[in-house]
Amino acid sequence: MIALESVMPPNSKFLLSIDPQTPPPGLTGAVVAIGNFDGVHRGHRVVIARAMALARRLGRPCAVLTFEPHPGDFFGRGAGIFRLTSRDAKAHRMAELGLDGMFVLTFDMALARLDAERFLRDVLIRRLGAGAVVVGYDFHFGAGRSGTPAFLREAAPKLGIQVEFVEKVSADEEGSLEAVSSTATREALERGDVRGAAALLGHAWSLTGKVIHGAKLGRQLGFPTANLAVEASCRLRHAIYAVEVNLDGRRLKGVASFGRRPTVDDGPPLLEIYLFDFTEDIYGRDIEVFFIDFLRPEKKFESLDALTAQIRADEAQARRILN
């Protein structure tokens, strides 16, 4: 059991339980919401809210159960899952929502081979001590996705586990057929549509990382940047964005470039953030970057002077948007 003091909100008693073999103290008998919860989007939050309401009625703690690595990565689909939230960022979101904890199970072959009934008995009851379960309308689990909603509805009560299902959360106010999903959010970010992603998530999408040293070209051009290395799986569109940055609880404004810097070196993808009216040295500090709006695609300029002029224009546009 781990309390993530370094990433949790102040005074949080949130517990992160990784691969428990017996019901952990503080979370025994919990109402458990199950899913990958990548992005903790609006649909996820409805499931979590239902779980919290049930936990209050039953007088029990409330937690989520999620998996690492993402099952899609384990089964090797495509080029890897574009993760919207890391494990620790996900835990932070859950703590902010008021949950008591998060169970994380290692998704390996042993877990993948468990059939639906053994998952209920061996994982939910024996290892987690779950008292009730809340899942989304399309939740499947167990080997070959054999644990259908119909199976869970019939089997869980026989084992003493109460179950609630949450219906689809539509992507728009008109109740379109498209459901809020992590996949839809990833697709929006791949287009650079960070506003659309925020509408699905219910909050601006963000990246968290430690500020690293770069080539310091931005400083030479008069626009010093805070640089973050980004996971290779990140498929955010290479472009320029208006951003806000959380630094030790302070909300700073700026403009960010994510891409390969084609005018300079066409190197590996890097996130470079120019913070407005900011002169502190923050190398080695952890920051969270919120993507507020798309400004323009990444492009190659004929000269550094042309690039500098465009950066000034980007700054002016970002200031207008953020103000």
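Reading the values: the criteria
Residues numbered from 1 in each chain as written. Predicted model: local features only at pLDDT ≥ 70, side-chain atom pairs only at ≥ 80, totals over all residues. Heavy atoms only, no water. 1 Å grid on protein atoms, 1.4 Å probe; cavity = no way out; pocket = protein on both sides within 12 Å on 5 of 7 lines; lining within 4 Å. Points joined across faces, edges and corners; volume = space filled by probe spheres on them. Helix = DSSP H or I, 4+ residues; strand = E, 2+ residues; numbered from the N terminus. Nonpolar A, V, L, I, M, F, W, Y, C, P; charged D, E, K, R; others polar. Phe/Tyr/Trp six-rings, centres within 6.5 Å; stacked < 30°, edge-to-face > 60°. Buried < 20%, exposed > 50% of the residue type's maximum accessible area, 1.4 Å probe, protein only. Pairing = 2+ DSSP bridges. Axes fitted to C-alpha atoms, helices over the stretch in contact; angles between N-to-C directions.

**Student:** Please clarify how the layout of surface pockets should be interpreted in this entry.
**Tutor:** A probe matching the size of a water molecule, rolled over the atoms, marks out where space remains unfilled. Size it by volume and the largest pocket reaches roughly 1,300 Å³. Taken together, 46 residues form the lining of the largest pocket, with Gly35, Asn36, Phe139, His140 and Arg145 sitting closest to its centre. Of all elements in the fold, only helix H1 (42-58), helix H2 (71-74), helix H4 (109-112) and helix H7 (182-190) reach the threshold of two or more residues within the lining of the largest pocket. When residues of the lining of the largest pocket are assigned to their parent elements, the largest contribution, 5 residues, is made by H7. Here the residues of the lining of the largest pocket sort into 21 nonpolar, 15 polar and 10 charged.

**Student:** Even after reading the chapter, I still don't get the packing of aromatic side chains, so can you show me in this structure?
**Tutor:** Both the distance between ring centres and the angle between the ring planes are used here to describe each pair of aromatic rings. Following the criterion strictly, the structure yields 9 aromatic pairs and no others. Measuring from ring centre to ring centre gives 6.1 Å for phenylalanine 67 and phenylalanine 107, while their planes differ by 85 degrees; the resulting arrangement is edge-to-face. Residue phenylalanine 67 is found in strand S3 (residues 62-68), and its partner phenylalanine 107 is found in the loop between strand S4 (101-106) and H4; the two are separated by 40 residues along the sequence. Across this residue pair, the class does not change: phenylalanine 67 and phenylalanine 107 are buried.

**Student:** Explanation requested: the sheet that holds strand S9 (residues 239-247) in the structure shown.
**Tutor:** Within a beta sheet, neighbouring strands are joined by backbone hydrogen bonds and run either parallel or antiparallel to one another. Across the sheet, 6 strands lie side by side as S7-S12-S9-S10-S11-S8; this open sheet has antiparallel pairing. The two strands at the open ends of the sheet, each matched to only one other strand, are strand S7 (206-210) and strand S8 (226-229). Geometrically, the sheet is characterised by an average inter-axis angle of 35 degrees between neighbouring strands, direction not taken into account. Alignment of S7 against strand S12 (residues 286-297), held across 5 bridges, turns out to be antiparallel. Bridge pairing links threonine 208 to glutamate 288 in S12.

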